[in-house]
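# Report on the structure
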Amino acid sequence: MAGQLAGFTVSLCLLGFTVAVFEDQVGKFDWRQQFVGEVQFALFDTHSQASKKLLVATEKNIFASLNSRTGELFWRHVDKMGPEGHIDMLLMHGQDAVVVVGNGRLLRSWETTVGGLNWETVLDTGSFQSAAFIGLQDLVKYVAVLKKSAISLHYLSNGHQKWVENLPESDTVQYQTVYSGGNGQVFVLGVVPNSHIVIVEYNIEDGEIMKQNSVAAPWMSSLKSSCVVVGIGVLLCVDPTTESIYTLPLQSEEQTKMTPILLQTLGLEMASGFQPVLMSTQPHPARPPLSEFFLQLGPDHHILLQLKDGHISALRDFNPSYLVSFATTGEKTVAAVMSPKNETACSINLFSADTGRRLLDTTIIYYMDPNGGKPTKLYVHAFLKKDDSVGYRVLVQTEDLVLNFLQQPGRVVWTREEALADVVTMEMVDLPLTGTQAELEGEFGKKAAIQDGLLPMVLKRLSSQLILLQAWLSHLWKLFYDARKPRSHVKNEVTIETLSRDEFNLQKMMVMVTASGKLFGIDSKSGAVLWKKYLENVQPNSVFKLMVQRTTAHFPHPPQCTLLIKDKDTGLGSLYVFNPIFGKKSHISVPALPRPVLQSLLLPLMDQDYAKVLLLIDDQYKVTAFPSTKNVLQQLQEMASSIFFYLVDASQGRLSGFRLRKDLSTELIWEVVIPTEVQKIVGVKGKRANEHVHSQGRVMGDRSVLYKYLNPNLLAVVTESTDSHQERSFVGIFLIDGVTGRIVHEAVQRKARGPVHFVHSENWVVYVYWNTKSRRNEFSVLELFEGMELYNSTVFSSLDRPHPPQVLQQSYIFPSHISTLEATLTEKGITSRHLLVGLPSGAIMSLPKMFLDPRRPEVGSDQSREENLIPYSPEMMIRTEWFINYNQTVSRVRGIYTAPSGLESTCLVVAYGLDIYQTRVYPSKQFDVLKDDYDYVLISSVLLGLFFATMISKRLAEVKLLNRAWR
Amino acid sequence: MAPLSSSFIAIISISIVGFYMQFGDCNNGRRVVDNVESDITGFSVPLEHSFEVDDVPRFRARGNIQLKAGRENGVFLSQALLSEKDRSLLKDVAAVDGLYRIRVPRVSLQSDRQTDRQLEGYLTAFIRACSLVESHLSDVITLHTDVSGYLIGVSIVTVPSACRGAEVEDEVDLEIFNTTIGVMAPVNAPAPETALYIEKMEQEMDKKGKPQEQKSFFAKYWYLILGGAVFLMATSSAQPPAGGAREQS
């Protein structure tokens, strides 16, 4: 027995599933791009002149440092998802960055050069309001955190709490702002909406309340949106109804009334219905803010004002102006203003903050991307030049989440596409043929052959051969030319013009759809963004579905992709049709969709232009076809009785099947209702349309064949129990035929809970769940077989398959949580399948499907060994050599996309989440590729040697025969 | 624990988790008409069917499904003969490749009170009418329930289910339904089988471990002990070392 087992282990080792890369292969077939998401706070390190650091905190709960010269990441900290890791505030002083995380849960200080944590303090509970540095005598020593009902002061050096004080009457007063001018007091400002303002003054040393005052302000609802502190402790508030600015000195003795200044006296007028915004600057936390401030009067109108001796004077009016920002370097503070120049460009100028004069030679021209959005945020990095004048660079963030870093006079230093941090769905499209290949295609096209006679065909052939020869010669010339150049220069850039399919179709176009409504075309080989398109007026909670209607295979028709954008609330949809290679919007007229779309269906039917027909079903079960040419409608009429579709209403647990009628209406033909009181549907998955299965069955140990149940219409429906008690919760798996509504199999995984991830392919379903009793993750695999005989081997019809399949199932323990699950896909389906498992650690594991086989025997027998079945073991190991992304972890992986390549052994994989990672996997190793170190010299010398040996021996044999004949 | 694990062996070693199908009687209409028993502690739901040339469903009664509540889901189907009119209609529908639909109301098989049983709506299924005709009305109807005994779906297939265009004699073949009815409840998906695996590992360990343990301590280390004894004897008979002498002085 032991010997057998040992023998088996050896055979296992021989099988060898290693997919690891060699050191010199790192980055050869794969690439990774890291993102941070929409920037919320951005601070430049002004500590030293040569500093390249740019600190950003983003909506995705990421705190990172970017290299301001290249745009690359120095370091990045990915916090928890959701409100728990939300970054409330980012402050920076010297080398330290102070961050408030999770609605005031944690206070952290980071060292900014290497990104190490200096200290972390857990704060008292209470919702976060504001935080500020508190300075004393030009030294910044503390950071104050204002919560809903308390204020606490912490040492900047170690995070220890200096004091914490409850705020008076915190149940009625909304405290919103904390301010310190650097002279020993901390002011906390609160408001009782539409009644009065409360000002509490604390002593820095012991937290004692020095003074408490309330000032009537019946017009005020919130401090945050309308008030700032300007100059030596003067509170400024703007009131849109009376169009006036109120001033209130915080430190003076007689705080009784706010003094109004009408905007009209300054000659200003407010845009109607606009909430005006005040913006001030405090260059050093230990000193009072400047007395100059911006007032935004309309969406495109800002004005620079100055407060002097209780009087406000206008320094400069910027109309129109999109964005304004203050920046300080040394002792100088400047204001940067972005104003429109023409249709496609904006100009950014610097103005002296204290006078409002424009600084000479400070214009930056910012060209707006016609396929992008409007600029939304402006961050300025000012520095002193050698001649003591102010130079600056700007970071511009746009609606479509592009970060542009510009320097004078308008050079874009770098660009980051942060929309890619939130990829929703993607497709891979084959690249087009080169001109010469297309020429050949055209020659043998159907139309050409019919039109032309014999002689023109011969001429055509000759001419195309000439063109091929010419192309080959030019290719040789290019090779020769490149060979003379040094290596570094040869690296040719990938552009849309030079895109063409490679020999094995390994390079493809990745079409990515992001949550912000921006589309990208990315070269899969290099990761370069080749085109991008921002779709304006896409609702933020839209659902996207991307379909390839026409592939690149139908020259001269351009490939065509259709994006269905569906509003989640209303269900109303719209179509966006584009060319996936060039990103250009197609001019094809798109059907209007006045009713909510329930289901979309891409049929294998094609119109005369080889575009697949897309059916859209609305909430009245009417069908819209796209394209809807006569040809298509005719085909649909002929095919109507064999076009079925299903709808899933998870809220009612209803699955229903419909059949198309000739007049494009539909009829209900089956209905399955899973009561929602017991379980709710969490996922429905069919099989991928481009999936091929090479072998119909599995050869068993005794040479008989076990046929697979390959139903292309099968749906896997996964439910979770509504009862979440750990003993009674369960996960349900239903396999339902999508045409007949027949429940093919029904299984219940007891004591299980979601989140359930599952893959449905070939004749198997793999799902992962959480075992509530044993507190562990488990894999389960279902395989369906027809049995030893095939019912109808020529064609599969759901309507003609009376016998239910045999279902085998087995489960395994998996030692880690998983984030996502996908299966590899190859051209012909000959290569064995692997499962790609995205782990929360950022690793992507390629798990051979062989380990998830319900026929793994408990005790190995000769027959099972014959079949190469591995004896069952309940635990599935995580082997690090199965990680296809070695150390290139993919943060928060949300989806994995697989696409076949032209090589049967190779499957292209893209993992996306916060990062994007592209690689190739070879589930059965590269059986159709010669290795890099293949010894051509040896094989050809052996061949030549054999050839000569036969020649010589033949000669010798002849001589010998002749001699014998003479004898 | 032991009997439980042995039942697991049975499942795993066969490793074919089949369908739990409890088939009821295969009734033909004639026998059933006088066979309806009222004393079955169950309840009945109507089985309705519809076949129309214009394909607009108009359901009418086909029979009654007798369901016995409780764990053992006994199920019987009583159904009437197909009338002359229906027979010709069915043939007409089959000729235009229409659909033959059935439906049952949504009910719960578990709950005891009649009021709780009934839920709103129906569960429907269909086959091609021609396959029903060509199979001479021999169909298999399966009722699917969920974990808590609610009916969630119904399926119908005919054997054979292909339409080959075979001619059917009216009177003989299209009168009586030859129906097999069953109830299918979800099967329990297996959990990872750890107990057996551990047992197997222990057995292997035992096999490996035993021959070594049989050797006694002395048998294993006799050479060390002998060597040690020889060494001790050699040192005790020799002169005390020089270092000790120095200490004494």
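Residues numbered from 1 in each chain as written. Chains lettered and ligands numbered in written order. Predicted model: local features only at pLDDT ≥ 70, side-chain atom pairs only at ≥ 80, totals over all residues. Heavy atoms only, no water.

Moving on, we get to the interface of chain A and chain B. If you look at the interface, chain A gives 56 residues, while chain B gives 48 residues. Across the chain A to chain B interface the summed buried area is about 4300 Å²; carbon plus sulfur atoms make up 58%. Linking chain A with chain B are two salt bridges, by the criterion used here. Linking B:Arg101 and A:Glu667 is a salt bridge whose minimum nitrogen-to-oxygen distance equals 2.8 Å. Seen at the junction of chain A and chain B, the total is 14 residue pairs in polar contact (both at pLDDT 80 or more). Mapped onto the side of chain A that touches chain B, the elements with two or more residues apiece are strand 46 (666-673), strand 51 (730-737), strand 52 (743-750), strand 54 (764-771), strand 55 (776-787) and strand 56 (806-814) of chain A. Residues of the side of chain A that touches chain B, tallied by class, amount to 34 nonpolar, nine polar and 13 charged. Summarising the sheet, strand 52 of chain A and strand 10 (residues 187-188) of chain B pair through two bridges and their orientation is parallel. The partner of A:Val748 across the bridge, within strand 10 of chain B, is B:Asn188. (Contact = heavy atoms within 4.5 Å. Buried area = accessible area lost by both parts, 1.4 Å probe. Salt bridge = Lys/Arg side-chain N within 4 Å of Asp/Glu carboxyl O. Polar contact = N/O pair within 3.5 Å; in protein donor to acceptor, adjacent residues only side chain to side chain. Helix = DSSP H or I, 4+ residues; strand = E, 2+ residues; numbered from the N terminus. Nonpolar A, V, L, I, M, F, W, Y, C, P; charged D, E, K, R; others polar. Pairing = 2+ DSSP bridges.)

Taken from the UniProt record, the annotation "transmembrane region" (unreviewed entry) applies to residues 6-23 and 217-234 of chain B. The span residues 217-234 of chain B is 100% helix and 0% strand, and its two end C-alpha atoms sit 24 Å from each other. (UniProt positions renumbered as here; feature names shortened; annotations may be inferred.)

Glancing now at the pattern of salt bridges. Residues and elements named next belong to chain A. All told, the structure shown has 45 salt bridges over all chains when counted by the stated rule. Here Arg698 ties to Glu783 by a salt bridge, and the two come within 3.9 Å at their closest N and O atoms. Here Arg698, found in strand 48 (residues 697-699), pairs with Glu783, found in strand 55; they are 85 residues apart in sequence, far enough to count as distant. Considered together, Arg698 and Glu783 belong to a single accessibility category, that of buried residues. The closest approach of N and O atoms between Asp853 and Arg698, which form a salt bridge, is 2.9 Å. Of this pair, Asp853 sits in the loop between strand 59 (844-848) and helix 8 (862-866) while Arg698 sits in strand 48, and the two are 155 residues apart along the sequence. Residue class for Asp853 comes out buried when judged on its relative accessible area of 5%. For Arg698, a relative accessible area of 19% puts it in the buried group. Beyond isolated ion pairs, a larger network of salt bridges with shared partners links Arg698, Glu783, Lys849, Asp853, Arg855 and Glu867. (Buried < 20%, exposed > 50% of the residue type's maximum accessible area, 1.4 Å probe, protein only.)

Take the sheet that holds strand 27 (residues 332-340) of chain A next. Residues and elements named next belong to chain A. The four strands lie next to each other as 26-27-28-29, forming an open sheet whose pairing is antiparallel. In this open sheet, the two strands that pair with only one neighbour each are strand 26 (323-329) and strand 29 (364-367). Sheet twist, expressed as the mean angle between neighbouring strand axes with direction ignored, is 25 degrees. Here strand 26 runs beside strand 27; their pairing, made up of seven bridges, is antiparallel. For Thr328, the partnering residue across the bridge sits in strand 27 and is Thr333. (Axes fitted to C-alpha atoms, helices over the stretch in contact; angles between N-to-C directions.)

Residue and element names in this part refer to chain A. For strand 40 (residues 573-578), a buried count of five out of six residues is recorded, marking the element as mostly surrounded by other parts of the structure. Bridging between strand 39 (residues 560-567) and strand 40 involves six bridges; their strand directions are antiparallel. Within strand 40, the position partnered with Ile565 by the bridge is Ser574. Connecting strand 39 to the next strand, strand 40, in antiparallel fashion are five residues, including Gly571 with a positive phi near 80 degrees.

The next subject is the sheet that holds strand 38 (residues 542-550) of chain A. Residues and elements named next belong to chain A. Ordered by their spatial adjacency, three strands build an open sheet running 38-39-40, and the pairing between neighbours is antiparallel. Of all strands in the sheet, those bounded by a partner on one side alone are strand 38 and strand 40. Recorded for the sheet is a direction-independent mean angle of 20 degrees between the axes of neighbouring strands. Note: strand 38 against strand 39, eight bridges, orientation antiparallel. Bridging from a neighbouring strand, Met547 pairs with Thr562 of strand 39.

This part is about the environment of A:Leu167. Residues and elements named next belong to chain A. Looking at where Leu167 falls in the secondary structure, it is placed in the loop between strand 13 (161-166) and strand 14 (174-179). Residue classification places Leu167 among the buried positions, given a relative accessible area of 5%. Residues Leu167 and Thr247, spaced 80 residues apart in sequence, show a C-alpha to C-alpha distance of 24 Å. Excluding residues within four positions of it along the chain, Leu167 makes contact with Leu146, Lys147, Lys148, Ser149, Ala150, Ile151, Tyr175, Val188 and Tyr202.

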